[in-house]
There are 2 protein chains.
Amino acid sequence: MIDAVQNPVTTVMRALADPTRRAVFERVFESKEISVAELTRGSGVTQGAISQHLKSLKQAGLVAERAEGRNVYYRAAPQGLEPLVEWMDHYGVFWRERFQNLRTLLKEIDP
Amino acid sequence: MIDAVQNPVTTVMRALADPTRRAVFERVFESKEISVAELTRGSGVTQGAISQHLKSLKQAGLVAERAEGRNVYYRAAPQGLEPLVEWMDHYGVFWRERFQNLRTLLKEIDP
DNA sequence: CTAATTCATTAGCTTGAACTAATTGATTGA
DNA sequence: TCAATCAATTAGTTCAAGCTAATGAATTAG
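Just so we're clear, the structure is a prediction, and the values are computed from it rather than from any experiment.

(A) Fine view of the packing of aromatic side chains. Inspection of the entire model under this criterion finds four aromatic pairs over all chains. Ring plane angle 45 degrees and centroid distance 6.2 Å describe the contact between A:Phe25 and A:Phe29, whose orientation is recorded as tilted. Separated by four residues within a single helix, A:Phe25 and A:Phe29 lie in helix α2 (residues 19-31), roughly one turn from each other. The class for A:Phe25 is buried, based on a relative accessible area of 0%. Here the aromatic rings of A:Phe25 and B:Trp87 are separated by 6.0 Å at their centres, their planes lie at 40 degrees, and the arrangement is tilted. Here the residue A:Phe25 occupies a position in helix α2, and B:Trp87 occupies one in helix α5 (residues 82-90), the pair thus bridging two chains.

And the structure:
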């Protein structure tokens, strides 16, 4: 049972399964845009490690980058989560547990 | 940046990140109830490997078991996916992309 | 120009994960 | 009873993943 070459679900899951790397993604997401140096501060790992994590996040489609001068700014790409959403949706998890919220939510939006 | 002892999100993500193990979960889910021997057939790995995968799926709260005679039947426990749902919900992924579906869905259920 | 900063990459180490093969305990069928 | 089946566990191997330390390329500050 091997993914032919590499299933996107596997890529995204693996990227987010590591706590350190997931923390990096979370910080990038919260920051709108953030440099590698800034990410390294308070991360508990070296700059090289951060760069490696960013690389796999990027390959998973979860972050994008923008170079400016000697800095490289990263931003989150939440569309990268889509494979996860699809996979979970296939298992019908969302609607089941959130049915009661739907009506109230809809009324807030379109009263 | 280490999970204190072990974050549930990490546990679930790691459990599902492996293609073989995820395939096991998918088969369990589709089967309502399925024995280890049956899971082993056509899995491409040995029975021992399947048992190991089931063990970590169980620890992640993704499957439950029922022993009967010399068989052990496994069933999916989709509530185990809740940590994932919460985590992704925190990133606002769901509603954004699925707003247009909500109205039609609601009308089907409560016309 | 020189020194310092930022980031990516690489080699090397260590650890954990996935697997097999084999064993064991339990249950069932002949 | 005895052989066979089912499932869990264990020891042992292999390989990948995460990390550090070090280096190098590019940019900027003095």
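After that view of the structure, there is still more to cover.
(B) Examining the protein's contact with DNA strand C more closely. Lining the immediate surroundings of DNA strand C are 23 residues, of which A:Ala37, A:Ser51, A:Tyr74, B:Arg14 and B:His53 lie closest. Sugar and phosphate atoms constitute 66% of the interface atoms of DNA strand C, taking the interface as everything within 4 Å of the protein. Interatomic distance of 3.3 Å between a backbone N/O atom of A:Val36 and a phosphate oxygen of DNA strand C. Separating a base nitrogen of DNA strand C from a side-chain N or O atom of A:Gln47 is a distance of 2.8 Å. Counting residues per element, the ones that place at least two in the surface near DNA strand C are α3 (36-40), α4 (47-59) and β3 (71-76) of chain A together with α2 (19-31) and α4 (47-59) of chain B. With four residues, the single largest contributor to the surface near DNA strand C is α4(A).

(C) Spotlight on the sheet that holds strand β3 (residues 71-76) of chain B. Residue and element names in this part refer to chain B. Reading across from one edge, β1-β3-β2 is the order of the three strands in this open sheet, with antiparallel pairing throughout. Looking at strand neighbours, the two that pair on one side only are β1 (34-35) and β2 (63-68), the edges of this open sheet. Here β2 pairs with β3 via six bridges, running antiparallel. Bridge pairing links Glu 68 to Asn 71 in β3. Contacts from α2 reach β1, β2 and β3 within the one sheet, and its direction differs from that of β3 by about 90 degrees.

(D) Representation of the protein's contact with DNA strand D in the model. Around DNA strand D lies a shell of 22 residues, among which A:Arg14, A:His53, B:Ala37, B:Ser51 and B:Tyr74 are the nearest. Restricting attention to atoms of DNA strand D within 4 Å of the protein, one finds that 66% of them are sugar or phosphate atoms. Here a base oxygen of DNA strand D and a side-chain polar atom of A:Gln52 are 3.2 Å apart. When residues of the surface near DNA strand D are traced back to their parent elements, those giving at least two are α2 and α4 of chain A together with α3 (36-40), α4 and β3 of chain B. Per element, the largest residue contribution to the surface near DNA strand D is four residues, and it comes from α4(B). Looking at the surface near DNA strand D residue by residue, the class counts come to six nonpolar, 11 polar and five charged.

(E) Geometry of the packing of α2(B) against α4(B). Residues and elements named next belong to chain B. Relative to each other, α2 and α4 sit at 75 degrees, their axes nearing to 10 Å. Relative to α4, α2 is oriented roughly perpendicular. Two secondary-structure elements touch here, α2 through Thr 20, Arg 21, Val 24, Phe 25 and Val 28 and α4 through Ile 50, His 53, Leu 54, Ser 56 and Leu 57. Split by residue class, the contact of α2 with α4 holds six nonpolar, three polar and one charged.

Here is what the cut-offs are and how they apply
- Here, residues in each chain are numbered from 1, in the same order as that chain's written sequence.
- Working convention: letters from A go to chains and numbers from 1 go to ligands, in the order in which they are written.
- Reporting of local features is limited, given that this is a predicted model, to residues whose pLDDT is at least 70; pairs of side-chain atoms are given and counted only at 80 or more, and all residues count toward the totals for whole chains, interfaces and linings.
- Only hydrogens and water are set aside when side-chain values are computed; all heavy atoms of the structure are taken into account.
- Geometry of aromatic contacts follows a simple scheme: Phe, Tyr and Trp rings, the Trp one being its six-membered ring, pair when their centres are within 6.5 Å, and the pair is stacked under 30 degrees between planes, edge-to-face over 60, tilted otherwise.
- Counting from the N terminus, the helices are DSSP H or I runs at least four residues long and the strands are E runs at least two residues long.
- Between buried and exposed lies partly exposed: a residue is buried under 20% and exposed over 50% of the maximum accessible area for its type, with that area taken using a 1.4 Å probe on protein chains only.
- One heavy atom within 4 Å of a molecule or strand makes the whole residue count as near it.
- Whenever a nitrogen or oxygen atom comes within 3.5 Å of another N or O atom, the pair is scored as a polar contact, on the condition that within protein one atom can donate a hydrogen and the other can accept it, and that pairs from neighbouring residues in sequence are kept only if both atoms are in side chains.
- One bridge is not enough; two strands pair if DSSP finds at least two bridges between them.
- Throughout, a contact is declared for two residues whenever any of their heavy atoms are within 4.5 Å.
- As a rule, the C-alpha atoms of each element are fitted with a line to give its axis, helices using only the stretch in contact, and angles between N-to-C directions run from 0 to 180 degrees.
- Residue polarity follows a fixed list, in which Ala, Val, Leu, Ile, Met, Phe, Trp, Tyr, Cys and Pro are nonpolar, Asp, Glu, Lys and Arg are charged, and the others, Gly among them, are polar.
- Under this scheme an angle from 65 to 115 degrees is roughly perpendicular, one under 35 degrees roughly parallel, and one over 145 degrees roughly antiparallel; angles in between are oblique.

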